[in-house]
Amino acid sequence: MKQLGNATFENYVGLEQGLSEMAYQMVAHVLTLGYAVMLAGLFYFILTIKTVAPKYRTSSVLSVVVMVSAFLLLYVQAGNWTSSFVFDAERGRYFLGEGQDLFNNGYRYLNWLIDVPMLLFQILFVVSLTKSKFSSIRNQFWFSGAGMIITGYIGQFYEVTNIYVFAAWGAISTLFFIHILILMRKVITEGKEGIPAKAQKVLGSIWVLFLFSWMLYPGAFLMPHLGGIEGALFNEIGIVGRQITYTIADVSSKVIYGVLLTVVARYMSLEEGYVEGKEA
Ligand code: RET
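Calculation rules
Residues numbered from 1 in each chain as written. Predicted model: local features only at pLDDT ≥ 70, side-chain atom pairs only at ≥ 80, totals over all residues. Heavy atoms only, no water. Helix = DSSP H or I, 4+ residues; strand = E, 2+ residues; numbered from the N terminus. Expected span 1.5 Å × (residues − 1). Salt bridge = Lys/Arg side-chain N within 4 Å of Asp/Glu carboxyl O. Near = heavy atom within 4 Å. Polar contact = N/O pair within 3.5 Å; in protein donor to acceptor, adjacent residues only side chain to side chain. Areas by Shrake-Rupley, 256 points an atom, 1.4 Å probe, with all protein chains shown as cover. Nonpolar A, V, L, I, M, F, W, Y, C, P; charged D, E, K, R; others polar. Core = buried A, V, L, I, M, F, W, Y, C linked by side-chain atoms within 4.5 Å. Buried < 20%, exposed > 50% of the residue type's maximum accessible area, 1.4 Å probe, protein only. Contact = heavy atoms within 4.5 Å.

Student: Sorry if this is basic, but what is going on with helix α8 (residues 236-271) here?
Tutor: Along an α-helix, residues three or four apart share an orientation, since each turn contains 3.6 residues. When the terminal C-alpha atoms of α8 are compared, their 51 Å separation across 36 residues agrees well with the 52 Å that a helix rising 1.5 Å per residue should span. Looking at the residues trailing α8, positive phi occurs at Gly273, about 85 degrees.

Student: Can you walk me through the pattern of salt bridges in this structure?
Tutor: Oppositely charged side chains can form a pair if their charged atoms are brought close together. This structure, assessed with the given rule, holds nine salt bridges. One salt bridge connects Arg108 with Asp250, and the closest N-O pair in it is separated by 3.1 Å. Residue Arg108 is found in helix α4 (residues 106-123), and its partner Asp250 is found in helix α8; the two are separated by 142 residues along the sequence. In this structure, Glu159 and Arg242 form a salt bridge, with 2.7 Å as the shortest nitrogen-oxygen distance.

Student: I'm lost on the site of the ligand in this one. Help?
Tutor: Of all residues adjacent to the ligand, which total 16 residues, the nearest are Asp115, Ser173, Trp214, Tyr217 and Lys254. Between Lys254 and the ligand, the recorded distance is 2.5 Å, taken from a side-chain N or O atom to an oxygen atom. Burial of the ligand by the protein amounts to 99% of the accessible area it has alone, namely 530 Å². At the level of elements, α4, α5 (134-156), α6 (163-191), α7 (197-222) and α8 are the ones that each hand at least two residues to the shell around the ligand. A class-by-class count of the residues in the shell around the ligand yields nine nonpolar, five polar and two charged.

Student: Would you take a moment to explain the nonpolar core for this structure?
Tutor: Of all hydrophobic cores here, the largest spans 79 residues; its most connected members are Trp81, Ile123, Met184 and Trp214. Here this core gets 12 residues from one element, more than from any other, and that element is α7. Once residues lying within four places of it in the same chain are set aside, the contact partners of Trp214 are Val116, Leu119, Leu120, Met148, Phe177, Ile180 and Ser253.

Student: For this particular structure, what's the right way to read unusual backbone geometry?
Tutor: Peptide bonds are, in most cases, trans, and in most cases residues other than glycine have a negative phi. A positive phi angle, close to 50 degrees, is found at Glu230, a residue other than glycine. As for its position among the elements, Glu230 is in the loop between α7 and α8.

Following this line, the structure appears as structure tokens:
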């Protein structure tokens, strides 16, 4: 019998049922789409930096940091996928390759360890807090951001071998997540005070986008058990579903979020009389 240790469910499916051509390719393609979008976003944030007043530019710089790290890690994640599974012509399916690396989503988690604090920090350079202290919110964002990711990272190793350990780490991670949601709501509510109506509207959309996109991550974490424990999604549908979910979440929480923050900063810059190219 083969021993897969703490491998994630993708490997168990790849060992026993194998993957169809369509499932294997859809994952390869969606991972490639993910890093391609990050590269495109990188250019967007560099090229639009001068459309906002200097005090808002740290937000664009942080988006650049996020794009570079996400591009590299998603590129490696895609390589991990294509090297883990090998096509078996006799059975007409892809199976876990003999002597190859196993597949693990850990690259993503370590990417989030950089990106989550950056994304949370970023909004503080666009909005002005009316009651809360910048340093206090920043430190709480970083503390809970890192806590959420590290506990989730440990948990994901147990998704097949020990569902209780998996659930326990997931629950601790969720507590940090709730703390982040409360903080973000506060930041957006305070940030809306006294800014132009158009900017207020976009900030409102940022809150909705934030809620939607960040909730997708725990969904993808739970994916193999969403159709019942080792149930209806413990197969290639769950595998493809997980990578599509992660990709939608990544594009929304990093790229679209950054674009919307640039739009808010642009409205505020115009309101403050900033004219592109005419800097003091
Ligand atoms: C985990 C573990 C299970 C419980 C929860 C999680 C939340 C993850 C989140 C990740 C956000 C990542 C982002 C990355 C952008 O680069 C860790 C899956 C609640 C919310 C925004």
